[in-house]
Each structure stands twice: as C-alpha cells, then as structure tokens.
Amino acid sequence: MEQRPSVYVMMSSYNGERFIEEQIDSILTQQGEFDLFLHVRDDHSTDQTKKILESYAKKYSNITWEAGDNLGATLSFMQLIYGAGEFDYYAFSDQDDVWLTDKIQTALDHLCVETKPALYSCKKRIVDSHLNPLMQKDTEPKPGLLNAFFRSNAVSGCSMVYNRDFHKIISQIKFDWQKGFHDGWAYKLAEVFGVNIFDMTPHILYRQHGRNVSGAKAQGWHLFREKAGRLKTFHPDEYRTPSTYARYIVNQEAVPIPSKYYDILMKISMKNHTLRDGIFILRYQSLSKTPLYEYVWIVYRLLMGWY
C-alpha cells in the first residue's frame, strides 16, 4: 500500500483569540489523500490564544504548539521553518483566515509533478471579518527574477505550500531581517533556486479585519496616491529592500547560486548603485510593464540607484 504524503502546516499566532479557532477548524477539515500535521508557534500572546491552542492540542494528536518570545511575524515564521522536521510538504498559515477544503490537495496536485525545489501559491478571495466578499481584487504575480525582487510582493504566505527540496533551501539559508517578510523571502528563493507555481484560482478566504499584521494592499490609482503621499517624507533607504534580500542570498555559502543568476544578484546586492548598474539590471531580463505606474516607478528607482 502506497504511503500517504505528509503535510506540515506552520502557523504563527499572536493575540488571535477572535478568529484562530475558525482557522484551525478549516485546516482540520482539509480533504484529500495526505496526513496533515499542524504546529503553532505562539509569539507571546497576552489574550486567550494559548489556552485555545492547549485545548486543541489535547483534543487532536496531529496538533502541537509552543510558546515563544515576541519576535514579530517574520522571525516567528522563520523559527518555525528552522525547527521543522522531515515531511513531504510544508505550508504556512495565518491565524485569521479560512481555508477552502481543497486548498492543500490542490497544492499537492501541482507540486507532485515537480522535480525541482517548488513553491506553490494561490490567489486569495478577500473577505471582511464576517467572511463577506469584498470588492478588492487580489494582485496577480508575475514570473521572473526582476519581478520577484522589484515588484510589490504579489504572493502571500498564507497561500503557500512547498515541497521537501525547497524546504532544504529555505531552512539552510539564514534570514533574520526584521523588516523583511517570510513570504517575500520564500518567493525570491523559489525564483533563484527552483520554481514558483502560481494558481490563479482562490482556495483561501483572506480575512481583512483591521488588525492584520499584513493585509491586502491598495491597488491601482489608490496605490499611486498612497505612494505619492509618502513622497513628502521620502528617503531612498526606504526602498532599498531588493538589495537587502539579495545580500542574504549572495553572502551565504550553504546553497550554490545558479550561475545564470550570480552576476545579476551580485549587482542587485551592492550597497551603492550607479546609473550603469541600473541599466545593466534592466537589460538583464524583462520587467513586467503592468501596472504601468508601478513599472515606471521601478525603472525610476533603478536609474536613481534606490534599491
């Protein structure tokens, strides 16, 4: 009899008493041919979250949890990654969403045919606190190294599932940047060392309730006006995230960098950029021109050295 694949779901919780039970229940009711395990790292909650987690752990043998210091969402998730054991597949989970029953099995159907380190992500159905659909649309990711490093992150950790080969990569490369995001980090690693799989069908209800650590972002002209307003207090260092992410990759020795990406990553990772560097990067690979306002802003940053 063929052994069922194992799926290890990693959740970071913090003062999540309002919605966390609904999310855990949606994880427990996932349908498909796999064995699911849920591990929660509590980031020093001060409400009833820990009691809720203890109650679930006593009731279900496939749920475990740990109490940790307050590290913030990104570093909390990285602790979960570094502490994970051997499984066939891994998934991230927020504490306040609801998964549709086919979320995990759909991801496995995509991942099982991949021979490379692979990261799956799906679109999200954006809802309010009562799970009523909102008019706001989810952003669509674009493939390619430059899109992964320079465009706004269009993939969310709560939708991500990845295979064992990708886990070996993300667990070996040290990432401890408090201003970064674990999902943006994973997205970039997959572009460099493996493959990103984008599913344009929603398999998750992405709840927006005003207290999200990272919620759905403004889009279109709303985003343009938001960025324009921030120019009043503009400082170039605020936009130097691509080079910071790249430095974490080029400064590590655990995983060899593919030769086709080495020169471009070295160029991006530099702390001081010239106009020639920006032109070199733009000539390397096509950068998605949609939406146009974001494309123009990225090109301007590259030519000014603000990355």
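Numbering of residues starts from 1 in each chain and follows the order in which that chain's sequence is written. This being a predicted model, a pLDDT of at least 70 is required before a residue's local features are given, and a value of 80 or more before pairs of side-chain atoms are given or counted; all residues contribute to the totals for chains, interfaces and linings. Excluding hydrogens and water, the side-chain values take into account all heavy atoms of the structure.

Asks: I keep staring at the overall build of the chain and nothing clicks. Help me out?
Replies: If you tally the helices and strands in the chain, you get twelve helices and ten strands. Expressed as a percentage of contacts within the chain between residues at least 6 apart in sequence, the contacts between residues at least 24 apart total 80%. For the chain, the accessible surface area stands at approximately 15,200 Å², while carbon and sulfur atoms represent 51% of it. By the criteria applied, helices consist of DSSP H or I runs no shorter than four residues and strands consist of E runs no shorter than two, each listed in order from the N terminus. In this description, contact between two residues means that some pair of their heavy atoms is separated by no more than 4.5 Å. The method behind every accessible area is Shrake-Rupley, applied with a 1.4 Å probe, and residues are considered shielded solely by the protein chains displayed.

Asks: Would you explain the pattern of salt bridges in this entry?
Replies: For side chains of opposite charge, pairing can occur when their charged atoms come near one another. Any carboxyl oxygen of Asp or Glu within 4 Å of a side-chain nitrogen of Lys or Arg constitutes a salt bridge here. Inspection of every chain in the model, using the stated rule, returns nine salt bridges. Of the charged contacts, one joins E140 and K123 as a salt bridge, the two residues approaching to 3.8 Å between their closest N and O atoms. Of the two residues, E140 is situated in the loop between β7 (125-127) and α5 (145-150) and K123 in the loop between β6 (118-122) and β7; the sequence distance between them amounts to 17 residues. Note that R151 and E294 form a salt bridge whose closest N and O atoms lie 3.7 Å from each other. Taken together, the positions of R151 in the loop between α5 and β8 (161-163) and E294 in helix α12 (residues 292-304) put the pair 143 residues apart, joining distant regions of the chain. Only protein chains enter the calculation, and the probe is 1.4 Å; a residue is then buried if its accessible area is under 20% of its type maximum, exposed if over 50%, and partly exposed in between. Of the residues examined, R151 reaches a relative accessible area of 12% and is grouped as buried. Judged by relative accessible area, E294 falls into the buried class, the value being 9%. Taken together, the salt bridges that share partners define one network made up of R4, E33 and D35.

Asks: Teacher, can you tell me more about the pairing of strand β4 (residues 89-93) here?
Replies: Consecutive side chains of a regular strand alternate in pointing toward one face of the sheet and then the other. Within β4, five of the five residues are buried, which leaves it mostly tucked inside the rest of the structure. Neither face of β4 is exposed, since Y89, A91 and S93 on one face and Y90 and F92 on the opposite face are all buried. For strand β1 (residues 6-13) and β4, the ladder comprises five bridges, and the chain directions are parallel. Bridging across to β4, M11 finds its partner in S93. A pair of strands is labelled paired if DSSP reports no fewer than 2 bridges between them. Sheet topology places β4 next to β8; three bridges connect them, and they run antiparallel. By the bridge assignment for β8, A91 is matched with V161.

Asks: For this particular structure, what's the right way to read the packing of helix α1 (residues 20-28) against helix α2 (residues 49-59)?
Replies: Relative orientation and spacing of two packed helices are given, respectively, by the angle between their axes and the distance between those axes. Lines fitted to the C-alpha atoms define the axes, with helices restricted to the stretch that makes contact. Angles between their N-to-C directions range from 0 to 180 degrees. Contact pair α1 / α2: the axes reach a minimum separation of 11 Å and the direction vectors enclose 25°. By the angle between their axes, α1 is roughly parallel relative to α2. The element α1 and its partner α2 pack so that their crossing is right-handed. Seen from α1, the contacting residues are I20, E21, I24, D25 and L28; seen from α2, they are T49, I52, L53 and Y56. Tallied by class, residues from the contact of α1 with α2 come to six nonpolar, one polar and two charged. Angle categories are assigned with fixed cut-offs, so that under 35 degrees is roughly parallel, over 145 is roughly antiparallel, 65 to 115 is roughly perpendicular, and the rest are oblique. Left-handed describes a crossing whose near helix is turned anticlockwise from the far helix by less than a right angle; the clockwise case is right-handed. Three classes are used: nonpolar for Ala, Val, Leu, Ile, Met, Phe, Trp, Tyr, Cys and Pro, charged for Asp, Glu, Lys and Arg, and polar for all others, with Gly counted as polar.

Asks: I would appreciate a short explanation of the pairing of strand β3 (residues 63-67) in the present structure.
Replies: Looking at chain direction, strand β2 (residues 35-42) and β3 are connected through five bridges and run parallel. Across the sheet, residue D42 finds its bridge partner in β3, namely A67. Taken together, β2, α2 and β3 form a β-α-β motif whose crossover is right-handed. Note on handedness: a crossover is taken as right-handed if, strands pointing away from the viewer, the path from the first strand over the helix to the second is clockwise.

Asks: Looking at this model, I keep getting lost on the nonpolar core. Mind explaining?
Replies: What tends to happen in soluble globular proteins is that the nonpolar side chains get buried as a cluster. Core analysis: the biggest nonpolar cluster contains 47 residues, and F149 and L265 have the highest contact counts within it. In terms of residue count, helix α7 (residues 182-193) provides more of this core than any other element does, seven residues in total. Every residue in contact with L265, bar those within four places of it in the chain, is listed here: F149, V192, A246, I249, V250 and I257. Think of a nonpolar core as a cluster: buried Ala, Val, Leu, Ile, Met, Phe, Trp, Tyr and Cys residues, connected wherever their side-chain atoms sit within 4.5 Å. The next biggest cluster of nonpolar side chains, apart from the first, holds 30 residues, and it includes L38, A107, I126 and I204.

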